[in-house]
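Here are the chains, one letter per residue:
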Amino acid sequence: MKKVYYEIDPWKIIEDGFDKSKVRASESIFSLGNGSMGQRANFEEQYSGKTYQGSYIAGVYYPDKTRVGWWKNGYPEYFAKVLNAPNWIGINIRIAGIPLDLNKCVEILKFRRELNMKTGIYKRSFEIQLSANIRVAIDVKRFLSMKESSLGAIKYQITMIKGDADIEIDSYVDGNIKNYDSNWEDPFWDFKSKIVSPELLLLHSQTLKTKFDVATYAQTQLFDKNGVSKGNFTTSEQNQIISQNKKHYLTEGDSCSVLKFGGYINGMNYDVNNFESTAFSLVLNASSKGFNKLAEEHNSSWNKIWEQSDIKIEGDDKAQQAIRFNIFQLNQTYTGHDARLNVGPKGFTGEKYGGSTYWDTEAYCLPFYMATKNHKVARNLLKYRYNQLDKAIENAIKLGFTDGAALYPMVTMNGEECHNEWEITFEEIHRNGAIAFAIFNYERFTGDTSYIPEMGIEVLIGIARFWAQRVNYSEFQKAFVILGVTGPNEYENNINNNWYTNYLCQWCLRFTIEQIFKIKKQHIQKWEVIKVKLNWLDIEVDRWKEIADNIYFPKHPNQDIYLQQDGFLDKKLIPATSINKNERPINQHWSWDRILRSPFIKQADVLQGFYFFENQFNKATLERHFNFYEPLTVHESSLSPCIHSILAARLGKKDQAYDFYLQTSRLDLDDYNNELEEGLHITSMAGTWMSIVEGFGGLRIIDNQVHIDPKLPNAWKTLSFKINFRGTIINVKFSKQKITVEKSNKESIVYCKGKLLN
Ligand code: BGC
């Protein structure tokens, strides 16, 4: 277990003391977001030490020209990158002519950061000795409004603890921003215009190539300690840095506050011609309400979120803090109002992964949003893929598929493939199956039977057509096989007959056939339209049936075990515990061929199939497979421990389930993989939620009914969670002795361990 750096508190994340080596990690941990924009917790004032600046805007990306060593046909032309956007939070301070810089000051006497997840407010305070005669205290509060999605607010208070001095305030918007992750060092932004006035700073920029228009705006005010405004700022500008400036004299014991409102106005949602008036009305409205009122509104939005999605754990603050941190970050990343947006693996906390959509969304994130929000939010996630179906078909055409076969990209922003490693881009095709599974899962959970006939069926048919063309008949096996694939376990490449992929293929074909029959029966007119649109031929179903009934699954010759792939038993099957600790993670220490030859499994693969299709295997079968694959798994993807936790809970392996839970939930808080600086693992946070609700809570939807099967970890006194099941809020609370279930609609029923609960 790793040492805890951030203090344990049920509602807060706290860093006490200043450690230069942790600045970038803490910038990730204290990141803020509101679904429309987000930012790492960079300091407002200048910092000359190592920092990783990052501000991001939902949906705004740049197509960075692909760079590969050896070009392969079918590679995408570009990788869509979430952009580091102009910075609006900067407030440089000079006191008696000395710049405030935590990297350079004489002494840091106190330093503390605190993120209150309940209110959504991030605070930072420190006291420093700037020179022999000057000591100051700084208290900063900041939030990105959950109510007004284009608005952020900062209150920056300066107190003279010792000495009198002139304070120079330089509050700016900086457009000279670069991505750290850039293939060719290209500029990503073009500048259109600016407004530099005491009332408003505004930088209108446009992304090169993709032409997204964004206005970065800000307004600064200064108040004395009694809240009296100190009048207008002057302005200055230099290249793409525009500033509002002011001098103010503070005597010992006195203080003042800089108030800054700002954010982004995104051309995806606002008329570009009205950027200026929109920004004006945002700052006017904000300053007439004031910081406290805006903070209250923001708090009440968070209250509503927590009201619906909080999970309470009594008896284990470490676990409690962790689940709240995960829920908090998921809500900061995606609010679900816009089907053009999705959940990137790093959300708004870093540039890695390009900020794009992976199979993570369907396999991991959907259940969280489905159960903690209105069903429309989850439907928007499905619609995102529906709207990109044409691109998935184009993508398949590039790889030689025909007749409406669709291969969804491994990574995407707008539906086009962005990934360029052949063994993943072309071969990690199981992602198509997760997208189909999510459609099934959505209907199972929400009971919304309209999605499949309206949209889902087209996606399912495109995916089924792909599978039907991707298999080939093996005369040797007398069965259909799938060659040249990579399963979820990316530590095996270009393998044949990955069990999980073959299973998904079979399931997708059967599920799509079932849905076609249903639509033909229930919505014949719709079906007539779809048939024409998709050039449908009834004989397709015959072929799909033949494939599904005759697909090959690799099996152990002597034990009742499905093999991860052909030839798996040729490996030397030694457990992951035999790996030298200082060689972990192996992907940072071993050559790729060594990884490929080893038996070690990056993340749930066969077990991912047992998770999705749990009801198709009995417990004994699950246990055999868990016992076989778990010891080989190194969990070097953040998506792994959560699935193992759920399966371990199902098998009654409570301690193991609990250890995996801590690993998934505290992955970032305790920086398990030594990569916190790069940002947070947002998509796996939804897996953490699953490991509580589906793992310890045992939640399943079976035949339109809610089933629970609580298993409380030994360390916990009680656990309670809520789900929104088809409009009824069901609140489950249990201890070792007692289970209580409250329902907002008395009519709805819940089963516990197979028995009806009253
Ligand atoms: C995992 C993938 C995942 C991606 C983004 C990789 O390390 O192996 O399954 O989609 O990260 O989270």
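Before any of the text, the structure's been laid out above.
What this report covers is the structure whose coordinates are included nearby.

Conventions and cut-offs
- Residues numbered from 1 in each chain as written.
- Predicted model: local features only at pLDDT ≥ 70, side-chain atom pairs only at ≥ 80, totals over all residues.
- Heavy atoms only, no water.
- Helix = DSSP H or I, 4+ residues; strand = E, 2+ residues; numbered from the N terminus.
- Rg over C-alpha atoms; globule rule 2.2 N^0.38 Å.
- Buried < 20%, exposed > 50% of the residue type's maximum accessible area, 1.4 Å probe, protein only.
- Areas by Shrake-Rupley, 256 points an atom, 1.4 Å probe, with all protein chains shown as cover.
- 1 Å grid on protein atoms, 1.4 Å probe; cavity = no way out; pocket = protein on both sides within 12 Å on 5 of 7 lines; lining within 4 Å.
- Points joined across faces, edges and corners; volume = space filled by probe spheres on them.
- Nonpolar A, V, L, I, M, F, W, Y, C, P; charged D, E, K, R; others polar.
- Axes fitted to C-alpha atoms, helices over the stretch in contact; angles between N-to-C directions.
- Parallel < 35°, antiparallel > 145°, perpendicular 65-115°, else oblique.
- Left-handed = near helix turned anticlockwise from the far one by under 90°.
- Contact = heavy atoms within 4.5 Å.
- Pairing = 2+ DSSP bridges.
- Salt bridge = Lys/Arg side-chain N within 4 Å of Asp/Glu carboxyl O.
- Near = heavy atom within 4 Å.
- Polar contact = N/O pair within 3.5 Å; in protein donor to acceptor, adjacent residues only side chain to side chain.
- Disulfide = S-S within 2.5 Å.
- Patch = residues over 30% accessible without salt bridge, like charges linked within 9 Å, V, L, I, M, F, W, Y side chains within 5 Å.
- Lys, Arg positive; Asp, Glu negative; His and termini not counted.
- Charge placed at Lys NZ, Arg CZ, Asp CG, Glu CD.
- Phe/Tyr/Trp six-rings, centres within 6.5 Å; stacked < 30°, edge-to-face > 60°.
- Lys NZ or Arg CZ within 6 Å of the ring centre and 35° of its normal.

### Re the overall build of the chain
Then, number 1: Per the secondary structure count, the chain includes 18 helices and 29 strands.
Then, number 2: Rg of the C-alpha trace for the chain: 27 Å, near the compact-globule value of 27 Å for 758 residues, within the 12% margin.
Then, number 3: Counting only C-alpha atoms, the chain reaches 85 × 55 × 55 Å along its principal axes.
Then, number 4: Here the chain holds 758 residues, and 62% of them are scored as buried.
Then, number 5: Total accessible area on the chain stands at roughly 29000 Å², and carbon and sulfur atoms take up 48% of it.

### Comments concerning empty space enclosed by the protein
Then, number 1: Counted by the stated rule, this structure contains five cavities of 30 Å³ or more.
Then, number 2: When the residues that make up the lining of the largest cavity are grouped by side-chain class, the tally is three nonpolar, seven polar and one charged.

### Quick notes on the packing of helix α9 (residues 451-470) against helix α12 (residues 539-549)
Then, number 1: Between α9 and α12, the least distance of the axes is 10 Å, while the angle of their chain directions is 60 degrees. Of the possible angle classes, the one that applies to α9 and α12 is oblique. As for how α9 packs across α12, the hand of that crossing is left-handed. Contacts between α9 and α12 involve Ile461, Ala464, Arg465 and Ala468 from the first element and Glu540, Arg543, Trp544 and Ile547 from the second.
Then, number 2: When the residues that make up the contact of α9 with α12 are grouped by side-chain class, the tally is five nonpolar, no polar and three charged.

### Re the sheet that holds strand β4 (residues 55-57)
Then, number 1: Read across the open sheet, the three strands follow the order β2-β3-β4; overall the sheet is antiparallel. The sheet is open, and its two edges are formed by β2 (32-33) and β4, each paired on a single side.

### Digging into the pattern of salt bridges
Then, number 1: Considering all chains together, one arrives at 47 salt bridges under this definition.
Then, number 2: Linking Glu127 and Lys110 is a salt bridge whose minimum nitrogen-to-oxygen distance equals 3.3 Å. Within this pair, whereas Glu127 is found in strand β10 (residues 121-131), its partner Lys110 is found in strand β9 (residues 107-116), the two being separated by 17 residues in sequence.
Then, number 3: As a salt-bridge pair, Asp549 and Arg510 come within 2.9 Å of each other at their nearest N and O atoms.

### Here's the deal with the site of the ligand
Then, number 1: Taken together, the neighbourhood of the ligand is formed by Pro345, Tyr353, Tyr358, Trp359, Asp360, Glu490, Lys602, Gln603, Ser637 and Leu639.
Then, number 2: One nitrogen or oxygen atom from the side chain of Glu490 is found 3.0 Å from an oxygen atom belonging to the ligand.
Then, number 3: With respect to the ligand, the side chain of Lys602 contributes an N or O atom lying 2.8 Å from an oxygen atom.
Then, number 4: Protein burial of the ligand: of its 310 Å² of free accessible surface, 92% is covered by the chains.
Then, number 5: When grouped by side-chain class, the residues that make up the shell around the ligand number five nonpolar, two polar and three charged.

### A look at the side chain of Gln308
Then, number 1: Inspection of the secondary structure puts Gln308 in helix α2 (residues 275-309).
Then, number 2: Judged by relative accessible area, which is 15%, Gln308 ranks as buried.
Then, number 3: Residue contacts for Gln308: discarding those within four places in its chain leaves Ala371, Thr372, Lys722, Ile723, Asn724 and Ile729.

### Topic: the sheet that holds strand β8 (residues 98-99)
Then, number 1: Pairing is antiparallel across the open sheet formed by five strands, whose spatial order is β8-β7-β13-β18-β17. At either end of the open sheet lies a strand with only one pairing partner, and these are β8 and β17 (234-238).
Then, number 2: As paired strands, strand β13 (residues 165-174) and strand β18 (residues 241-250) are joined by ten bridges and run antiparallel to one another. Looking at β18, one finds that Ala165 is bridged to Leu250.

### Thoughts on the state of the cysteines
Then, number 1: Taken as a whole and judged by the stated rule, the model has zero disulfides.
Then, number 2: Looking at the unpaired Cys105, the closest cysteine sulfur is the one in Cys256, lying at 18 Å.
Then, number 3: Accessibility expressed as a relative area gives 14% for Cys105, which makes it buried.
Then, number 4: In this structure Cys418 is not part of a disulfide, and its nearest cysteine sulfur, from Cys365, lies 18 Å away.
Then, number 5: With a relative accessible area of 0%, Cys418 lands in the buried category.

### Regarding a positive patch on the surface
Then, number 1: A grouping of Lys118, Lys312, Lys733 and Lys738 is seen on the molecular surface, where their side chains present a positively charged patch.
Then, number 2: Within the secondary structure, Lys118 sits in the loop between β9 and β10.

### Quick look at the pairing of strand β14 (residues 189-196)
Then, number 1: Strand direction decides the pairing type here: β14 and strand β15 (residues 201-207), joined by seven bridges, are antiparallel. By the bridge assignment for β15, Lys194 is matched with Leu203.
Then, number 2: Hairpin remark: β14 followed by β15, antiparallel, with four residues in the connecting loop.

### Remarks on the packing of aromatic side chains
The geometry of two aromatic rings is summed up by the distance between their centres and the angle between their planes.
Then, number 1: All chains considered together, the criterion is met by 58 aromatic pairs.
Then, number 2: Where Trp499 meets Phe553, the ring centres are 6.4 Å apart and the plane angle is 55 degrees; that geometry is what we call tilted. Taken together, the residues Trp499 in helix α10 (residues 499-522) and Phe553 in the loop between α12 and α13 (592-597) connect sequence positions 54 residues apart.
Then, number 3: Relative accessible area serves as the criterion here: at 19%, Phe553 is assigned to the buried category.
Then, number 4: Here the guanidinium or amino end of Lys246 rests over the ring plane of Phe233, the centre of that ring lying 5.9 Å away.
Then, number 5: Lying over the aromatic face of Trp11, Arg324 brings its terminal NZ or CZ to 3.7 Å of the ring centre.

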